[in-house]
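Chain and residue survey
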Amino acid sequence: MAQATLTIDLDAIRANWRALAHASGVAEAGAVIKANAYGLGFLPVGRQLLAEGVRKFFVAEAFEGAHARLAVGSRVDVFVFAGHMAGDTDVIRQHGLIPLLNSPEQVARHRSTLPGHPFGIQLDTGMNRLGMEEVEWCAVSAEVLAEKPRLIMSHLACADEPDHPMNAAQLATFRRMTDGTDVPRSLAATGGILLGPDYHFDVTRPGIGLYGGLPFADAAPVVRLSLPVIQTRDVALGESVGYGNTWTAPAPARIATLAAGYADGLIRAMTGSARVFAGNTPCPLVGRVSMDMMGVDVTHLPEPPEALDILCPAQGIDALAEAAGTIGYEILTSLGARYARDYIGGAA
């Protein structure tokens, strides 16, 4: 069958959460499940983390939160990073979401449309992406704190670079803006957890590390992506493979055509640099990655393969990302809908 198989190991996600929860010390470890649990599925991943004891989940925006709520049930917190946007009110109310309000305008919107509904606050400590800046926060903090927000958070810009001076600068700003508020605080996602206890506060937000990605170098691999071989052929010296004649055989070669391409999230930038694996044996991609297919040089294999792995223990998401000039986050969240998804372990 010409359908690639994406195998998702729920036991590995569980092990990664446990490790990051342990590294969080006395802080409560939540879980970031935005982008459909980083592309791996709200329902199976959310249920696995719920069974592990996670009680605080984080998503990007409200309509995503509605899907997450179906996975994790009604008795846990689902926080929304984008806050309370115009048009979100009914979704927030219906699904019991907790918006992390990012501006005085969002504070006003939330108070006028959902008075008494839980909320949190997001502060900008230097990333200049989301959250209230210090002047804005000072202007509204007294009245906001009187309404008892559920969480105050900010986000680190350079947590995957432990020695970057931005980390200490943001920590100092966060403390200055929040010390004495008597509200649970959160600053650390995966990278921040690894920076140590000074960054942990009350709640941590493990994200990419749950799914096997850097900067959590000790993460258990979570995904295997196996691509079926549609056809193999012998290519003579001087013949080319794929669109644009971008690869020409320097010697007689045996080429396998795999059933996946950029429509499946295996981006075109992998052309000429990425590899797939037969067990632990690497096989280079040749020719351009196209929409549904890619070519691989399998001349050195003893037998024509039935399938080859592009994500596996020999090549995780970050190694593949490096070959494509991107990051593991993009590889993981781009994995396409055509894959047969096989969940193993845990609550599968």
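Residues numbered from 1 in each chain as written. Predicted model: local features only at pLDDT ≥ 70, side-chain atom pairs only at ≥ 80, totals over all residues. Heavy atoms only, no water.

**Quick word on the overall build of the protein**
The cut-off we apply is this: Secondary structure elements are taken from DSSP: a helix is a run of H or I of four residues or more, a strand is a run of E of two residues or more, and numbering for both begins at the N terminus. Exposure categories follow from relative accessible area, calculated using a 1.4 Å probe and restricted to protein chains: below 20% of the type maximum is buried, above 50% is exposed, and the middle band is partly exposed. Two residues qualify as a contact provided that any one of their heavy atoms is within 4.5 Å of a heavy atom in the partner residue. Charged-residue counts in this description rest on Lys and Arg as positive and Asp and Glu as negative, His and the chain ends being excluded. Charge coordinates come from a single atom per side chain, which is NZ of Lys, CZ of Arg, CG of Asp or CD of Glu.
When its secondary structure is counted, the protein shows 11 helices and 19 strands. Principal axes of the C-alpha set define a box for the protein whose edges measure 75 × 40 × 35 Å. For the protein, the proportion of its 348 residues judged to be buried stands at 51%. Relative to all contacts within the protein whose residues are 6 or more apart in sequence, the contacts with residues 24 or more apart total 63%. Averaging the positions of the 26 positive and the 36 negative side-chain charges in the protein gives two centres separated by 5 Å.

**A closer look at the pairing of strand β5 (residues 77-80)**
Short version of the rule: When DSSP locates at least two bridges between a pair of strands, those strands are taken to pair. Seen with the strands pointing away from the viewer, any crossover whose path from the first strand over the helix to the second strand runs clockwise is right-handed.
Burial along β5 is two-sided: Asp77 and Phe79 and Val78 and Val80, pointing in opposite directions, are all buried. Relative to β5, strand β4 (residues 56-59) is paired through 4 bridges, and the arrangement is parallel. Residue pairing across strands places Lys56 opposite Asp77, the latter belonging to β5. In the sheet, β5 pairs with strand β6 (residues 98-101) via 2 bridges, with the strands oriented parallel. Bridging from a neighbouring strand, Val80 pairs with Pro99 of β6. Handedness of the crossover joining β5 and β6 through helix α5 (residues 89-95) is recorded here as right-handed.

**Brief notes about the sheet that holds strand β3 (residues 31-32)**
Strand-to-strand pairing in sheets goes through backbone hydrogen bonds, with the strands running parallel or antiparallel. Taken together, 7 strands build an open sheet; the order of strands is β3-β4-β5-β6-β7-β8-β9 and the sheet is parallel. Both edges of this open sheet fall to β3 and β9 (185-186), since each of them pairs with a single strand only. When β6 meets strand β7 (residues 120-122), the two strands line up parallel, connected through 2 bridges. The residue bridging Leu100 from the neighbouring strand is Gly120, located in β7.

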